[in-house]
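Descriptive structure summary
One letter stands for each residue in the lines below.
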Amino acid sequence: MDTMDKKSFVITNLLRNLVFIYFDTFFAIYYFNLINNNVFELGKYYFFVYLFSVLSFWILKKAIKNFKVPYYRLGISFTAFYLMLIMLLKEKIVDYIVIVALFKGLGDGLYWYPRNIMNATKITNAERRKHLSIINSIAQICSIVVPILLGVLLTYFDYVQIGKVVFLIMIVVFILSYFTKEELVTRRKDITLKEFFHKLKTHKKVRQIFIIQFLKGFTISGGVLTVVMSIYKILYFKSNLYIGTLNSIIGLVTFITCLIYFKISKRNYKIISMATLIIVGISLLVLGIKPNTISFLVYLFVYATGVTIISLLSDNIVVNICTNDPVLSENKEEYHLVLESFLALARVLGYILLMIIGLINQNLINVILILSIIPLMYLVYYMVLNIDDLE
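What you see is a predicted model; the values in this text were computed from it and never measured. (Residues numbered from 1 in each chain as written. Predicted model: local features only at pLDDT ≥ 70, side-chain atom pairs only at ≥ 80, totals over all residues. Heavy atoms only, no water.)

Tallying secondary structure elements over the chain gives 16 helices and zero strands in all. Among the 391 residues that make up the chain, the fraction classed as buried is 57%. In the chain, of all internal contacts separated by at least 6 residues, the share reaching a separation of at least 24 is 86%. Of the roughly 17,000 Å² of accessible surface on the chain, 68% is carried by carbon and sulfur atoms. (Helix = DSSP H or I, 4+ residues; strand = E, 2+ residues; numbered from the N terminus. Buried < 20%, exposed > 50% of the residue type's maximum accessible area, 1.4 Å probe, protein only. Contact = heavy atoms within 4.5 Å. Areas by Shrake-Rupley, 256 points an atom, 1.4 Å probe, with all protein chains shown as cover.)

As structure tokens, this is what we get:
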């Protein structure tokens with residue numbers, strides 16, 4: 001892989017992360033206000049986003065297997081169309097939310113599935129730990145500056161006007177994607193998923209990785225827990241400026257955590273993982289039992305440190321195992337298809353739970369916080385079992 005290929009791939013992902021800041025926090029605020037703080041409707045939107053996401057790469061899995069970059073680029077295009085819909089429909093998106101979710105889901109699915117395969121082939125295991133730390137550090141610098149900047153701008157301009165600027169960033173991302181080259185992956189032959197799972201019968205470690213991915217999907221990786229946190233931000237801080245400032249402070253703490261992670265000795269990973277679990281679990285339990293501004297702020301700062309470490313370690317393990325294992329290295333497409341499916345399934349189930357709570361009594365969303373402790377415990381448990389794959 002040449003330097004230009006790697007640079008364009010990295011920069012494209014960093015710029016799209018900037019767009020995620022706009023989507024993940026401020027769109028949730030915008031839409032939550034439009035639906036009058038209706039938890040069920042918010043859960044429905046995310047349910048359809050992740051349902052369409054998993055359907056997109058399942059339907060196109062054979063085509064993506066041979067042509068990753070064009071579909072990676074198509075995913076970027078759908079995200080741009082999604083932004084256009086928001087700008088055109090404005091407050092009417094409430095009436096067309098399933099269509100809006102369709103474009104968001106297609107954009108996510110067609111971007112992340114080929115992107116993760118390319119991430120496994122373009123970056124060696126020796127580079128990955130340093131690569132993850134540098135990329136996350138740069139991303140976190142952006143997460144320090146961008147949220148407070150967006151908060152200030154949204155104080156004077158509406159969400160749709162700011163969306164035009166974000167749309168221009170997506171155009172730049174689309175252009176940069178043309179510098180990313182298709183990887184020539186050596187494969188013995190195409191296999192069905194049934195044959196793939198048959199090959200993995202004796203691969204206990206890989207089955208554990210799929211479990212890790214499922215648990216991440218319910219909690220720290222776009223799962224229902226992250227949306228519940230966004231709801232609490234809206235309820236406790238209300239103002240875009242306050243939320244933007246808070247996110248920037250959290251981004252600073254996360255950035256410092258990424259730098260510390262890079263300096264951590266690998267032999268200490270297991271101890272750090274267990275300590276992180278205890279701290280995150282206690283803060284979640286306190287917030288779930290007694291939700292208020294103080295307990296929420298404590299959890300946010302714990303999240304910025306503990307969950308960042310869990311996320312970095314789990315991401316590293318998931319990709320390293322793919323490149324270390326002979327079966328997986330020959331069948332990266334199937335491996336990442338199953339990984340993304342487990343992630344999406346957990347997200348869909350989480351948002352079904354959110355919709356159910358929204359129908360029964362939306363004041364019970366703190367139940368999700370308490371329930372999330374269990375999958376977080378198992379996530380760290382399976383991570384610890386596979387820490388050696390980081391060596």
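Within this structure, the stated rule accounts for 16 aromatic pairs. Ring geometry for Phe-174 versus Tyr-178: centroids 5.4 Å apart, planes at 80°, classification edge-to-face. Of the residues examined, Phe-174 reaches a relative accessible area of 28% and is grouped as partly exposed. Among the aromatic side chains, those forming a connected cluster through ring pairs are Tyr-31, Tyr-45, Tyr-46, Tyr-50 and Tyr-351. In this arrangement the basic side chain of Arg-73 is found over the ring face of Tyr-178, its NZ or CZ atom lying 3.8 Å from the centre. (Phe/Tyr/Trp six-rings, centres within 6.5 Å; stacked < 30°, edge-to-face > 60°. Lys NZ or Arg CZ within 6 Å of the ring centre and 35° of its normal.)

With that out of the way, let us pick up helix 7 (residues 159–176). Residues lying three or four places apart along an α-helix face the same way, a consequence of the helix completing one turn every 3.6 residues. Over its 18 residues, helix 7 extends 26 Å from the first C-alpha to the last, a length consistent with the 26 Å expected when each residue adds 1.5 Å. Within helix 7 the residues assigned to the buried category are Tyr-159, Val-160, Ile-162, Gly-163, Val-166, Phe-167, Met-170, Val-173 and Leu-176. (Expected span 1.5 Å × (residues − 1).)

Tallied over the full model, the rule gives two salt bridges. Its salt-bridge partner being Asp-108, residue Lys-104 comes within 2.7 Å of it at the nearest N-O pair. Here Asp-108 and Lys-104 lie together in helix 5 (residues 97–122), a separation of four residues that amounts to about one turn. Owing to a relative accessible area of 6%, Asp-108 belongs among the buried residues under this scheme. (Salt bridge = Lys/Arg side-chain N within 4 Å of Asp/Glu carboxyl O.)

Let us look at the confidence of the model for the chain. Of the residues in the chain, 83% reach a pLDDT of 70 or more, and the chain-wide mean stands at 78. The lowest-confidence element of the chain is helix 14 (residues 326–330), averaging 66 in pLDDT; the highest-confidence one is helix 2 (residues 39–59), averaging 89. (pLDDT = per-residue confidence, 0-100.)

If you look at the biggest cluster of nonpolar residues, it comprises 107 residues, and the most contacted ones within it are Phe-27, Tyr-45, Tyr-159, Val-228, Tyr-335 and Leu-354. Broken down by element, this core gets its largest block of residues, 14 residues, from helix 1 (residues 3–34). Apart from residues lying up to four places away in sequence, Phe-27 is in contact with Tyr-22, Tyr-45, Tyr-82, Ile-86, Ile-93 and Tyr-159. (Core = buried A, V, L, I, M, F, W, Y, C linked by side-chain atoms within 4.5 Å.)

What follows covers the environment of Leu-42. Secondary-structure assignment places Leu-42 in helix 2. On the accessibility criterion, Leu-42 (2% relative accessible area) is buried. Taking C-alpha positions, Leu-42 is 8.9 Å from Gly-358, a pair spaced 316 residues apart along the chain. Look past the residues within four positions of Leu-42 in its chain and what remains in contact with it is Tyr-31, Phe-32, Ile-35, Val-227 and Ile-231.

Attention now moves to the packing of helix 10 (residues 224–237) against helix 15 (residues 332–361). For any two helices packed against each other, the geometry comes down to the angle between their axes and how far apart the axes lie. Orientation of helix 10 relative to helix 15, taken along the N-to-C sense of each, is 40°, at an axis distance of 9 Å. Classified by the angle their axes make, helix 10 and helix 15 are oblique. Contact with helix 10, carried on its side by Val-224, Thr-226, Val-227 and Val-228, involves Gly-350, Tyr-351 and Leu-354 of helix 15 and no other residues of that element. Classifying every residue of the contact of helix 10 with helix 15 by side-chain character gives five nonpolar, two polar and no charged. (Axes fitted to C-alpha atoms, helices over the stretch in contact; angles between N-to-C directions. Parallel < 35°, antiparallel > 145°, perpendicular 65-115°, else oblique. Nonpolar A, V, L, I, M, F, W, Y, C, P; charged D, E, K, R; others polar.)

Before going further, it helps to examine unusual backbone geometry. Here Asn-37, not a glycine, exhibits a phi torsion of approximately 60°, which is positive. Position of Asn-37 relative to the elements: it lies in the loop between helix 1 and helix 2. Here Asn-37 falls in the partly exposed class, since its relative accessible area comes to 28%. Located in the positive-phi region is Lys-90, a residue other than glycine, with phi close to 55°. Take Lys-90: it is sitting in the loop between helix 4 (68–89) and helix 5.

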